[in-house]
Amino acid sequence: MSWFEKIMPSRIKTERRTRSVPEGLWIKCGACDAVLYRAELERNLYVCPKCSHHMRIGARERLVRFLDPGEHVEIGAGVMPEDPLRFRDSKRYRDRLAAAQKSTGEKDALIVLAGPLQGLDIVACAFEFQFLGGSMGSVVGERFSRAVDHCVAHQTPLVCFSATGGARMQEALISLLQMAKTAAALARLAQQRLPFVSVLTDPTTGGVSASLAMLGDLNIAEPRALIGFAGPRVIQQTVRETLPEGFQRSEFLLEHGALDLIVDRRDLRERIGALLRLLLGAPGAAVDAG
Amino acid sequence: MAVSFLDFEQPIAELEAKIEELRHVSSDVPVSIQDEISRLQAKSRQLTTSIFANLTPWQITQLARHPQRPYTLDYLGSIFTDFHELHGDRMYADDLAIVGGLARIDGRPVMVIGQQKGRDTKERVRRNYGMPKPEGYRKALRLMRLAERFRLPLVTFIDTPGAYPGVGSEERGQSEAIARNLFEMAVLSVPIVTAVIGEGGSGGALAIGVCDRLVMLQYSTYSVISPEGCASILWKSADKKELAADAMGLTAARLQKLGLVDEVLPEPLGGAHRDHGAISRTLQTALARHLSELAVRPVDQLRAERNARIASFGVFTDLTEEP
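The following paragraphs examine the structure supplied in this document.

Across its full length, chain B holds 14 helices and 9 strands. Taken against the 2.2 N^0.38 rule, which gives 20 Å for 323 residues, the C-alpha radius of gyration of chain B at 21 Å falls within 12% of a compact globule. A principal-axis box enclosing the C-alpha atoms of chain B has dimensions of 80 × 50 × 40 Å. The burial tally for chain B puts 54% of its 323 residues in the buried class. Carbon together with sulfur atoms contributes 53% to the accessible area of chain B, which is approximately 13,800 Å² in total. Of the charged side chains in chain B, 38 are positive and 41 negative, and the gap between their average positions amounts to 3 Å.

Below, the structure written as structure tokens:
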């Protein structure tokens, strides 16, 4: 920690840490090497204005900018992680949790907000990839389940943005069972004829991909996102051959019939708003409230 | 068939080899040799009891993967009658890593689905080491729906290292196939009893394991990832598998303490592979009991209880204030 960070008030530090892209006035695009002005990149939802490369974006920032501006109600914020197995590898799970909470300013890897999207009340949730790789443990499962309960109680649709490596190893079988829990929650939503839009972003793999993320009434992906059950390295080790070009990218999944559509991040608000209105038989939005 | 011994069973293996040797000695002094054999057999039992009293999670993992352990089709032969295997997902292929079909247990018609490993090299390859592809899970789902239509309870056997990670699996939607089964099983209107008989490896296991009752054999395992996989990710070395097995708490006993398993079924001394008959009888009694208990549940109650069961999974602190 530098002397400057030490003397900074803690509130400001937390603010700094919630940003998913490292600080600095200029940011280099990982895909085209263009040097981009940070403020402009933020305005562009972390999509490179030169090559349209979709960089990762923090969960809370994504949700706040996806929903209409104004007040949002957070769901499940009081649900906090525990360490039921007293899991320890090179570090203790408790310490890993504390470090992730400190660096992200979040308590766990899923954020759920209720609010309007182009005037239509919805619940939207997003995985925070910076929080232990967006991994799904008990808290993610419970918050997702409460998101569904809120949808059922208020008869609203659900949108989920996935960015995750899968189930959280440190909660072992309990994490695995969150796959059943989130899938069962979506079955409750489906019985109410409420739509679930799953937005798969880079990366969406493992236990999340094999549960809630692939169960959308609509499965939408951002361009070039890595999406799959097994990670490419595991597959490479198993089959011992070079993987095809573009393997497990959004475009590959679309071609193989796993996705409904690929949508640029900058168009997600409008497209999902329109699709939900069509599914719900609501009139089209005249003006984008955002 | 001669029992094959695991590394930690070597002292038992040596004793058993000595017993075999004595059996083949020419019968000059039959009485004294018979005595010696009995003495050694008693010693072998004693040694087995003491070794098996303190098994580590990694040793239990090895037992769960024992090459002579009874597999799904063995139990289909020993526990069930009138078994008719049904093949194919009606869309793409018949995945031999999952078997399923109609059968009877104690006269009661049921649908049985389970992962299937192979006994010899050729069979192992044919069964893809018990690692199903999307078509396997879709076959399972087809059979579940068939069971539901004819109001037959479902019995599933879990025994897999995990779903197969291959190019074709990804192309055909491994994630979607697993997810769909979780979704459908949550609301299936017939009782589901699941038994973990060997390895319960990750989402590939759970995809046929959403249930009303979960039983595990004493030396079976169930977790989110294999000890080797966990070790290579968290310890950066697959050699730390023993540490990983400890940390993950993947054994039946530990999972029962966590309240995730309804019943743990004791295995014969030395493990299920030492006595297929005994473990079959144990499993049959337990399955039949759970099926009878569930059979009297009205459908609404059955589904509500399953939903509550699934919703209860998870350990967390809740500081939410009541509105």
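Summing up its helical and strand segments, chain A has 11 helices and 11 strands in all. In terms of overall dimensions, chain A is globule-like: its C-alpha atoms have a radius of gyration of 19 Å, near the 19 Å expected for 290 residues. Expressed along its principal axes, the backbone C-alpha trace of chain A runs to roughly 55 × 45 × 45 Å. Looking at chain A residue by residue over its 290 residues, the buried ones come to 56%. Sequence-distant contacts, at least 24 apart, represent 66% of the contacts inside chain A between residues at least 6 apart. Of the roughly 12,500 Å² of accessible surface on chain A, a fraction of 50% belongs to carbon and sulfur atoms. With 37 positive and 33 negative side-chain charges, chain A shows a spacing of 6 Å between the two charge centroids.

What follows concerns a nonpolar patch on the surface. Judged by side-chain polarity, Leu25, Trp26, Val35 and Tyr37 of chain A come together as a nonpolar surface patch covering roughly 450 Å² of accessible area. Looking at the element boundaries, Leu25 of chain A is found in the loop between helix 2 (10-17) and strand 1 (26-28).

Moving on, we come to the packing of helix 4 (residues 59-66) of chain A against helix 11 (residues 268-280) of chain A. Between two packed helices, the angle of one axis relative to the other and the distance separating the axes together describe the packing. Residues and elements named next belong to chain A. It is at 10 Å that the axes of helix 4 and helix 11 come closest, and there the two elements cross at 60°. One finds that helix 4 runs oblique with respect to helix 11. Taking contact as the criterion, the partners of Arg62, Arg65 and Phe66 in helix 4 are, on helix 11, Leu268, Arg269 and Ile272. Residues of the contact of helix 4 with helix 11, tallied by class, amount to 3 nonpolar, no polar and 3 charged.

Here the focus is the pairing of strand 9 (residues 218-221) of chain A. Residue and element names in this part refer to chain A. With burial as the criterion, each face of strand 9 is covered, one bearing Leu218 and Ile220 and the other bearing Asn219 and Ala221. In this sheet, strand 9 lies alongside strand 8 (residues 196-205) in parallel orientation, the contact comprising 4 bridges. Within strand 9, the position partnered with Val197 by the bridge is Leu218. Examined bridge by bridge, strand 9 and strand 11 (residues 261-262) share 2 bridges and lie parallel to one another. Paired with Ile220 across the two strands is Leu261, which belongs to strand 11.

All names here are of chain B. Applying the stated rule across the entire model yields 40 salt bridges over all chains. Residues Glu267 and Arg69 are paired through a salt bridge, measuring 2.6 Å at the closest nitrogen-oxygen approach. Taken together, the residues span a long stretch of sequence, with Glu267 in the loop between strand 8 (263-265) and helix 13 (276-295) and Arg69 in the loop between helix 3 (57-64) and helix 4 (72-78) at a distance of 198 residues. Salt-bridge contacts for Arg289 lead to Glu263; the nearest nitrogen and oxygen are separated by 2.9 Å. With Arg289 in helix 13 and Glu263 in strand 8, this pair connects stretches of sequence that are 26 residues apart. Three or more residues joined by partner-sharing salt bridges are found here, namely Arg65, Lys117, Asp159, Glu199 and Glu228.

Our focus in this paragraph is the interface of chain B and chain A. The interface is formed by 46 residues belonging to chain B together with 53 residues belonging to chain A. In this assembly, chain B and chain A are joined by 1 salt bridge. For Arg146 of chain A, the salt bridge identified is with Asp318 of chain B, shortest N-O distance 2.7 Å. Taken together, the connections running from chain B to chain A amount to 17 residue pairs in polar contact (both at pLDDT 80 or more). Counting residues per element, the side of chain B that touches chain A draws most heavily on helix 8 (residues 174-187) of chain B, at 10 residues. Broken down by class, the residue content of the side of chain B that touches chain A amounts to 30 nonpolar, 10 polar and 6 charged. In this sheet, strand 9 (residues 316-318) of chain B lies alongside strand 4 (residues 79-81) of chain A in antiparallel orientation, the contact comprising 3 bridges. Within strand 9 of chain B, the position partnered with Met80 of chain A by the bridge is Thr317 of chain B.

All names here are of chain B. Following the criterion strictly, the structure yields 9 aromatic pairs over all chains and no others. Ring geometry for Phe52 versus Tyr219: centroids 5.7 Å apart, planes at 65°, classification edge-to-face. In this pair, Phe52 sits in helix 2 (residues 30-53) while Tyr219 sits in the loop between strand 6 (213-217) and strand 7 (221-223), placing the two residues 167 residues apart along the sequence. In this structure, Phe52 and Tyr219 share a single accessibility class: buried.

As a further point, take the nonpolar core. In terms of nonpolar packing, the biggest core is built from 106 residues, with Phe144, Leu158 and Leu186 of chain A together with Tyr222 of chain B touching the most fellow members. Sort the elements by how many residues they give to this core and helix 7 (residues 172-191) of chain A lands first, with 13 residues. Setting aside chain neighbours within four positions, we find Leu186 of chain A in contact with Phe144, Val148, Leu158, Phe196, Leu212 and Leu215 of chain A together with Phe183 of chain B. Counting 25 residues, the second largest nonpolar core, distinct from the first, contains Ile79, Ala103, Val112 and Val215 of chain B.

What follows concerns unusual backbone geometry. The step from Asp202 of chain A to Pro203 of chain A runs through a cis peptide bond, and the omega angle for that step is -10°. Looking at the element boundaries, Pro203 of chain A is found in strand 8. A positive phi angle, near 60°, is found at Leu45 of chain A, a position not held by glycine. Mapped onto the secondary structure, Leu45 of chain A falls in the loop between helix 3 (38-43) and helix 4. Backbone geometry at Arg90 of chain B places phi at a positive 70°, although glycine is not the residue there.

All names here are of chain B. Taken residue by residue, helix 10 (residues 227-235) has Pro227, Gly229, Cys230, Ala231, Leu234 and Trp235 as its buried positions. Turning to helix 10, the residues buried within the fold contact helix 3 and helix 11 (241-248). Just beyond helix 10, the residue with positive phi is Lys236, at close to 60°.

Right, let's talk about the layout of surface pockets for a bit. Volume-wise, the largest pocket comes out at about 1,800 Å³. Of all elements in the fold, only helix 7, strand 8, helix 8 (206-209) and helix 9 (232-239) of chain A together with helix 9 (202-206) and helix 10 of chain B reach the threshold of two or more residues within the lining of the largest pocket. Of the residues contributing to the lining of the largest pocket, the split by class is 21 nonpolar, 18 polar and 7 charged. Reported here for the second largest pocket is a volume of approximately 300 Å³. As for the second largest pocket, its lining consists of 14 residues, of which Val3, Phe5, Glu16, Ser44 and Arg274 of chain B are closest to the centre. Broken down by secondary-structure element, the contributors of at least two residues to the lining of the second largest pocket are helix 1 (10-23) and helix 2 of chain B. Here the element with the most residues in the lining of the second largest pocket is helix 1 of chain B; it accounts for 5 residues. Partitioned by chemical class, the residues of the lining of the second largest pocket number 6 nonpolar, 3 polar and 5 charged.

What counts as what
- Residues numbered from 1 in each chain as written.
- Chains lettered and ligands numbered in written order.
- Predicted model: local features only at pLDDT ≥ 70, side-chain atom pairs only at ≥ 80, totals over all residues.
- Heavy atoms only, no water.
- Helix = DSSP H or I, 4+ residues; strand = E, 2+ residues; numbered from the N terminus.
- Rg over C-alpha atoms; globule rule 2.2 N^0.38 Å.
- Buried < 20%, exposed > 50% of the residue type's maximum accessible area, 1.4 Å probe, protein only.
- Areas by Shrake-Rupley, 256 points an atom, 1.4 Å probe, with all protein chains shown as cover.
- Lys, Arg positive; Asp, Glu negative; His and termini not counted.
- Charge placed at Lys NZ, Arg CZ, Asp CG, Glu CD.
- Contact = heavy atoms within 4.5 Å.
- Patch = residues over 30% accessible without salt bridge, like charges linked within 9 Å, V, L, I, M, F, W, Y side chains within 5 Å.
- Salt bridge = Lys/Arg side-chain N within 4 Å of Asp/Glu carboxyl O.
- Axes fitted to C-alpha atoms, helices over the stretch in contact; angles between N-to-C directions.
- Parallel < 35°, antiparallel > 145°, perpendicular 65-115°, else oblique.
- Nonpolar A, V, L, I, M, F, W, Y, C, P; charged D, E, K, R; others polar.
- Pairing = 2+ DSSP bridges.
- Polar contact = N/O pair within 3.5 Å; in protein donor to acceptor, adjacent residues only side chain to side chain.
- Phe/Tyr/Trp six-rings, centres within 6.5 Å; stacked < 30°, edge-to-face > 60°.
- Core = buried A, V, L, I, M, F, W, Y, C linked by side-chain atoms within 4.5 Å.
- 1 Å grid on protein atoms, 1.4 Å probe; cavity = no way out; pocket = protein on both sides within 12 Å on 5 of 7 lines; lining within 4 Å.
- Points joined across faces, edges and corners; volume = space filled by probe spheres on them.

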